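Below are the chains, spelled out letter by letter.
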Amino acid sequence: METKGFESGLKMIEELTTNAQQIQQQVLEEILIKNAGTEYLSRFLNGHTDKKLFKNNVPIVTYEDIKPYIDRIANGEPSDILLAEPVIEFYISTGTSGGQPKLIPNTAQASKQRAVYNTLYGSVMKKHFGDLEQAGKRMELMFAKTEIETPCGLKARAVSTSVFNERGFRTLFSKICTSPIETILCSDTNQSMYCQLLVGLIQHNEVVAVGSIFATAVLRAIKFLEDNWKELCYNVRTGELSDWITDSGCRNALSFVLKPNSELADSIGNICCCTSWEGIIKKLWPKAKFIRAITTGAMRQYAATLEFYSGGLPLVSMIYASSEALFGINLEPLSKPGDVSYTVLPNMAYFEFLPVKKDGATMSQDQVQNSSTVSHHESMEMKSNNEDIEPVDLVNVRPGQCYELLVTTSAGLYRYKVGDILMVTGFHNNAPQFQFVERQNVVLSIDADKTSEADLLKAVTEAKTLLDPLGLIMTGYTSYGDTSSTPGHYVIFLELKEKQGNNNIKELDPKIMTGCCSRMEESLDYTYRIYRKENAIAALEIRVVKEGTFDALMDYYVSKGASMNQYKVPSCIKSKEAIKILDSRVIGKFFSPTIPI
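For clarity, every value in this text was computed on a predicted model and none was experimentally measured. (Residues numbered from 1 in each chain as written. Predicted model: local features only at pLDDT ≥ 70, side-chain atom pairs only at ≥ 80, totals over all residues. Heavy atoms only, no water.)

**Observations regarding the overall build of the protein chain**
- When you go through the protein chain residue by residue, the secondary structure sums to 23 helices and 20 strands.
- In terms of overall size, the protein chain behaves like a compact globule, its C-alpha atoms giving a radius of gyration of 25 Å where 597 residues would be expected to give roughly 25 Å.
- By its C-alpha atoms, the protein chain is 70 × 60 × 45 Å across when sized along the principal axes.
- A buried classification covers 57% of the 597 residues belonging to the protein chain.
- For the protein chain, long-range pairs separated by at least 24 residues make up 71% of all intrachain contacts whose partners lie at least 6 apart in sequence.
- Accessible surface, the protein chain as shown: approximately 25200 Å² in total, 49% of it carbon and sulfur.
- Mean positive and mean negative side-chain charge positions of the protein chain (62 and 70 charges, respectively) differ by 3 Å. (Helix = DSSP H or I, 4+ residues; strand = E, 2+ residues; numbered from the N terminus. Rg over C-alpha atoms; globule rule 2.2 N^0.38 Å. Buried < 20%, exposed > 50% of the residue type's maximum accessible area, 1.4 Å probe, protein only. Contact = heavy atoms within 4.5 Å. Areas by Shrake-Rupley, 256 points an atom, 1.4 Å probe, with all protein chains shown as cover. Lys, Arg positive; Asp, Glu negative; His and termini not counted. Charge placed at Lys NZ, Arg CZ, Asp CG, Glu CD.)

**Observations concerning unusual backbone geometry**
- Positioned with a positive phi, asparagine 46 is a non-glycine residue whose angle comes to about 50°.
- Within the fold, asparagine 46 resides in the loop between helix 3 (39-45) and helix 4 (51-57).
- Positive phi, normally seen in glycine, also occurs at asparagine 429, with a value near 55°.
- Within the secondary structure layout, asparagine 429 lies in the loop between strand 15 (416-428) and strand 16 (431-439).

**What to know about the pairing of strand 1 (residues 89-93)**
- Buried residues dominate strand 1, accounting for five of its five residues.
- On strand 1, burial covers both faces: Glu89, Tyr91 and Ser93 on one face and Phe90 and Ile92 on the other are all buried.
- Bridge count between strand 1 and strand 5 (residues 155-157): two bridges; the pairing is parallel. Bridged to phenylalanine 90 within strand 5 is alanine 156. (Pairing = 2+ DSSP bridges.)

**Some words on the pattern of salt bridges**
- Within the structure shown, the criterion is met by 26 salt bridges.
- A salt bridge links lysine 67 to aspartate 71, with the shortest nitrogen-to-oxygen separation between them at 2.7 Å. Placement of the pair is lysine 67 and aspartate 71 together in helix 5 (residues 63-74), with a separation of four residues, close to one helical turn.
- With a relative accessible area of 25%, aspartate 71 lands in the partly exposed category. (Salt bridge = Lys/Arg side-chain N within 4 Å of Asp/Glu carboxyl O.)

**Focus on helix 5**
- Where helix 5 is concerned, the buried positions are Tyr63, Ile66, Tyr69, Ile70, Ile73 and Ala74. Buried residues along helix 5 cover an arc of 140° about the axis, so they all sit on one side.
- Taken together, the buried residues of helix 5 touch helix 3, strand 1, strand 2 (102-106) and strand 15.
- Looking one or two places after helix 5, you find glycine 76, whose phi comes out positive at around 120°. (Arc of directions from axis to C-beta.)

**Let's talk about the pairing of strand 7 (residues 290-294)**
- Of all five residues in strand 7, five are buried, a share of seventy percent or more.
- Of the two faces of strand 7, the one holding Phe290, Arg292 and Ile294 and the one holding Ile291 and Ala293 are both buried throughout.
- Of the pairings in the sheet, the one linking strand 6 (residues 207-214) to strand 7 comprises four bridges and is parallel in character. If you follow alanine 209 over to strand 7, its bridge partner there is phenylalanine 290.
- The pairing of strand 7 with strand 8 (residues 315-316) spans two bridges and is classified as parallel. Considered in strand 8, the bridge of arginine 292 is made with valine 316.

**Topic: the sheet that holds strand 4 (residues 148-149)**
- Strand order across the open sheet formed by four strands is 2-1-5-4, with mixed pairing between neighbours. Whereas interior strands pair on both sides, the edge strands pair on one side only; in this sheet they are strand 2 and strand 4.
- Packed on one face of the sheet, helix 5 meets strand 1 and strand 2 and runs near 65° to strand 2. (Axes fitted to C-alpha atoms, helices over the stretch in contact; angles between N-to-C directions.)

Geometry only, nothing functional implied.
As structure tokens, then:
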């Protein structure tokens with residue numbers, strides 16, 4: 001991006017956020033003028049484009065409500081049953097954070113919006129980190145997912161895979177990133193990871209940034225490097241690629257960069273053979289300025305582990321987007337993961353916000369302490385009921401309030417529930433800034449209790465305070481509600497690793513681990529604690545799993561169709577097969593010894 005483009009991008013952000021209300025009105029008007037005559041919208045608007053009529057008549061929907069229309073398009077019916085513009089492909093949303101895989105229509109107009117979005121966030125990056133293209137290359141770990149063809153002949157693929165196939169992308173990518181496109185397009189993720197790391201190590205003095213889309217992919221790369229560094233060093237030393245790399249594209253791409261280099265092999269080996277891998281990223285890639293990966297929302301659990309490996313490099317979480325729409329960007333990329341707010345870009349879609357009153361959010365501390373007198377029935381009546389609450393426009397949200405995000409796009413989504421719960425942290429000019437709180441409906445529940453993603457993260461963070469002094473890193477967690485016995489109970493799977501040394505953790509101290517169980521229960525909400533006191537929920541259980549378990553879990557979801565780029569460890573597991581994978585690797589079970597106060 002030239003300097004002029006960088007400055008014009010920042011200017012555009014200022015104009016968009018200053019004129020947020022007018023731009024939102026214009027976006028909705030353009031969507032309705034274009035799509036009011038579709039079969040779907042004509043049921044509610046009768047061809048009219050009035051905003052008030054739209055809000056009064058068009059229902060708030062989930063994917064299941066519009067799935068029949070999308071399925072009809074995928075099966076060959078004209079796209080104008082749902083949207084006026086031709087569908088050029090479908091994005092696959094993996095749904096690993098709360099739903100099932102979804103097909104999301106993509107259009108030429110939506111692709112142009114994505115280009116604008118990239119320009120805007122690229123401008124912010126250049127403002128803070130300078131011209132990375134001039135400074136060197138980025139080691140971006142990317143993995144293409146095999147695309148499928150729908151009955152109508154249109155492709156269905158992950159957003160990232162679609163980008164990899166765009167005209168001009170391959171030429172640009174080879175100039176700014178270390179990974180040859182052939183290694184990204186390799187269908188075998190192990191061969192792809194190995195070759196991308198190998199090229200990144202060979203070009204270590206050129207790397208000015210390390211990253212992937214999500215923090216999990218970066219951590220998976222570190223674990224992969226930890227397991228394979230000796231073999232990688234052998235490849236560097238001899239200039240010969242391992243025989244198990246059979247992908248022709250990978251082998252051909254590596255033949256141009258892999259030359260014998262004993263000095264580099266010794267350097268890599270001396271760094272990797274250290275007792276502790278603290279700061280390993282900065283040690284291996286000394287010119288790196290930052291690590292780019294999403295570390296907010298469900299990814300926040302990995303921030304501490306990534307910081308351990310980072311060597312002080314800032315963790316940059318820039319984008320808030322999904323397969324359904326582009327939402328916002330982080331205007332302060334040097335913010336700590338827990339402080340990141342995303343500024344909504346009002347030109348990307350028409351946004352509405354459904355107020356959400358969190359359970360117990362208005363209760364005082366005294367009420368919480370005295371809640372043992374509250375019966376099951378009364379507790380259920382305390383819960384919020386959002387069914388009759390009307391959504392508000394983008395400029396009318398209030399700081400401190402939580403909202404569920406709704407989007408209306410030109411690509412056939414109208415008042416669509418994305419499933420994200422956001423909290424307003426402030427405004428940039430007239431555009432709101434949000435922190436991602438959790439996914440809607442991703443909860444643990446045994447009875448009338450409802451533990452959210454955010455509640456669970458808070459509980460796990462409390463448990464970590466007992467593990468940190470022991471030199472243990474939590475590299476992953478997930479959970480499920482075990483109702484195989486009565487009463488049921490929460491099961492928390494933890495994967496732990498020692499900061500010093502690369503061996504599996506030693507025998508765990510039962511006193512410390514049961515203390516972690518108690519600490520987690522004490523941090524859960526008043527409803528959970530009531531039901532524990534009444535024995536409606538049994539004691540919380542921690543199951544510690546051996547190292548590599550969460551890699552195996554990811555492999556399972558990828559084998560079922562998830563994109564490695566888009567994969568997020570589910571905070572709560574529903575799949576029996578996934579639970580079986582976790583249970584088969586348990587090395588210790590611990591229960592809370594006391595009922596929380």
